[in-house]
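Listed below, chain by chain, are the residues.
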Amino acid sequence: MNASDRTPADLLRSALAADPARPLVTFYDDATGERVELSVATFANWVAKTANLLQGELSAAPGDRLALLLPAHWQTAVWLLACSSVGVTAEVGGDPADADLVVAGPDTLEAGLACSGERIALSLAPLGRRFAAVPAGYADYAVEVPSQGDRFAPFVPVDPEAPALAVGGTERSGARLVAEARADAAALGLAPGARLLSGLGYEGWQGLSAGLYAPLAAGGSVVLCRNLDQLSPESLAKRVESERVTVTAAV
């Protein structure tokens, strides 16, 4: 990645310029059997569409705070990078009552209603399917995002020193996040092309770093596993082999 990258969105742009076809996020849910693989280009397209939704339809602007009430999931990773692209602070597990916007999954819809601003719901169903019926008080992400533009340009340049991520009681600017992700990548021994398998959740920095930011900063990719405790040791060993995993976290 480029030394000049100072926000997570910068890291994604560099990854796209370097090798758009390589895998970036491979997601497994071992409770449902779902597997999704997103190349850098495909992931960046989802991020661009989501950022356009944020900036356009939802009127989000730099300095706004978004309560992100989602588990470790490929769509959560998309929202994290979309927030960075717009300059919105992503508050993972944040209080919806104090947020300007909320993004909720099927298990957090009731809590998300405390937000007085825009509310987006994700079904988290395989293939990003929409809800059978749109939850009351929400817009369905799967309905709203497909029509958004495939390219994104912020109305206002994103300040690398502005808050980008809040999790576990700690707030990080984009520049600090990138610096810590690079340090974590070095500590994990991630090199360009590395494949990191993570079974950690997204409720803390360690899981967010291993499950997205450190592989992105290193020019590698992540095999993000939800409900990994439901996988047998034998099946895990097969996954490590088949996915060409080079580093594991919390397995």
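Quick summary incoming for the structure in this document.

**Considerations on the sheet that holds strand S12 (residues 247–249)**
Part 1: Reading across the sheet, the 5 strands line up as S2-S1-S11-S10-S12 and stay open at both edges, with mixed pairing between neighbours. Every other strand in the sheet has two partners, leaving strand S2 (34–39) and S12 as the edge strands with one partner each. Geometrically, the sheet is characterised by an average inter-axis angle of 15 degrees between neighbouring strands, direction not taken into account.
Part 2: Of the strand pairs in this sheet, strand S10 (residues 195–198) and S12 are connected by 3 bridges, and their pairing is parallel. Looking at the pairing, Leu-196 lines up with Val-247 of S12.
Part 3: Against the sheet, helix H7 (residues 205–218) touches strand S1 (23–29), S10, strand S11 (221–226) and S12, its axis set at about 175 degrees to S11.

**Notes on helix H6 (residues 174–188)**
Part 1: Compared with the 21 Å implied by 1.5 Å per residue over 15 residues, the 21 Å span of H6 between its first and last C-alpha is a close match.
Part 2: Among all positions of H6, only Gly-174, Ala-175, Leu-177, Val-178, Glu-180, Ala-181 and Ala-185 are buried.
Part 3: The inward-facing, buried residues of H6 abut helix H1 (8–18), strand S8 (163–167), strand S9 (170–173) and H7.
Part 4: Phi for Gly-189, located one or two positions after H6, is positive at around 75 degrees.

**Quick look at the pairing of S1**
Part 1: Counting buried residues along S1, 6 of its 7 residues qualify, which places the element largely inside the surrounding structure.
Part 2: Where S1 meets S2, 6 bridges bridge the pair, whose relative direction is antiparallel. Opposite Thr-26, over in S2, you have Glu-37 as the bridge partner.
Part 3: Connecting the antiparallel pair S1 and S2 is a turn made up of 4 residues, with Gly-33 showing a positive phi of about 85 degrees.
Part 4: Pairing of S1 with S11, which is carried by 5 bridges, proceeds in the parallel orientation. The residue of S11 that forms the bridge with Tyr-28 is Cys-225.

**Describing the packing of aromatic side chains**
Part 1: Scanning the model with the defined rule gives 4 aromatic pairs in all.
Part 2: The interplanar angle of 35 degrees and the centroid separation of 6.3 Å between the aromatic rings of Trp-46 and Tyr-141 together place this pair among those described as tilted. Here Tyr-141 lies in helix H5 (residues 141–144) and Trp-46 lies in helix H2 (residues 40–57), a separation of 95 residues in the sequence.
Part 3: Among the residues examined, Tyr-141 registers a relative accessible area of 1% and is labelled buried.
Part 4: Pairing Trp-205 with Tyr-213 gives two aromatic rings, centres 5.8 Å apart and planes at 15 degrees, and the pair type is stacked. The exposure classification of Trp-205 matches that of Tyr-213, with both residues buried.
Part 5: Feature note: the residues Trp-46, Trp-74, Trp-79 and Tyr-141 constitute an aromatic cluster, connected by ring pairs.
Part 6: The side chain of Arg-239 reaches across the aromatic face of Tyr-28, ending 3.6 Å from its centre.

**A look at the packing of H1 against helix H3 (residues 74–86)**
Part 1: Interaxial distance between H1 and H3 falls to 8 Å at its minimum, and their mutual angle equals 105 degrees. Considering the angle they form, H1 stands roughly perpendicular to H3. Counted together, Pro-8, Ala-9 and Leu-12 of H1 and Leu-81, Ser-84 and Ser-85 of H3 form the full contact between these two elements.
Part 2: Its residues assigned to classes, the contact of H1 with H3 comprises 4 nonpolar, 2 polar and no charged.

**Structural notes on the sheet that holds S9**
Part 1: Pairing within the open sheet is mixed, and its 7 strands lie in the order S7-S6-S5-S3-S4-S8-S9. Since the sheet does not close on itself, it has two edges, and those belong to strand S7 (139–140) and S9, each with one partner.
Part 2: The strands that H3 touches are strand S3 (65–69), strand S4 (89–92), strand S5 (101–104), strand S6 (118–121) and S8; relative to S3, the one it contacts most, it runs at about 170 degrees.

**Digging into the side chain of Arg-119**
Part 1: With respect to the element layout, Arg-119 can be found in strand S6.
Part 2: For Arg-119, the side chain forms a polar contact with the main-chain oxygen of Cys-115, separated by 2.8 Å.
Part 3: Aside from chain neighbours lying at most four places away, what touches Arg-119 is Val-102, Gly-112, Leu-113, Gly-137, Tyr-138 and Ala-139.

**Focus on the packing of H1 against H2**
Part 1: Contact geometry of H1 with H2 gives a least axis separation of 9 Å together with a crossing angle of 140 degrees. With respect to each other, H1 and H2 are oriented oblique. In the crossing of H1 with H2, the sense of the turn from one axis to the other is left-handed. Residue-level contacts link Leu-12, Ala-15 and Leu-16 of H1 to Val-40, Ala-41, Phe-43, Ala-44 and Val-47 of H2.
Part 2: Among the residues forming the contact of H1 with H2, the class breakdown is 8 nonpolar, no polar and no charged.

Definitions and limits used
- Residues numbered from 1 in each chain as written.
- Predicted model: local features only at pLDDT ≥ 70, side-chain atom pairs only at ≥ 80, totals over all residues.
- Heavy atoms only, no water.
- Pairing = 2+ DSSP bridges.
- Helix = DSSP H or I, 4+ residues; strand = E, 2+ residues; numbered from the N terminus.
- Axes fitted to C-alpha atoms, helices over the stretch in contact; angles between N-to-C directions.
- Contact = heavy atoms within 4.5 Å.
- Expected span 1.5 Å × (residues − 1).
- Buried < 20%, exposed > 50% of the residue type's maximum accessible area, 1.4 Å probe, protein only.
- Phe/Tyr/Trp six-rings, centres within 6.5 Å; stacked < 30°, edge-to-face > 60°.
- Lys NZ or Arg CZ within 6 Å of the ring centre and 35° of its normal.
- Parallel < 35°, antiparallel > 145°, perpendicular 65-115°, else oblique.
- Nonpolar A, V, L, I, M, F, W, Y, C, P; charged D, E, K, R; others polar.
- Polar contact = N/O pair within 3.5 Å; in protein donor to acceptor, adjacent residues only side chain to side chain.
- Left-handed = near helix turned anticlockwise from the far one by under 90°.

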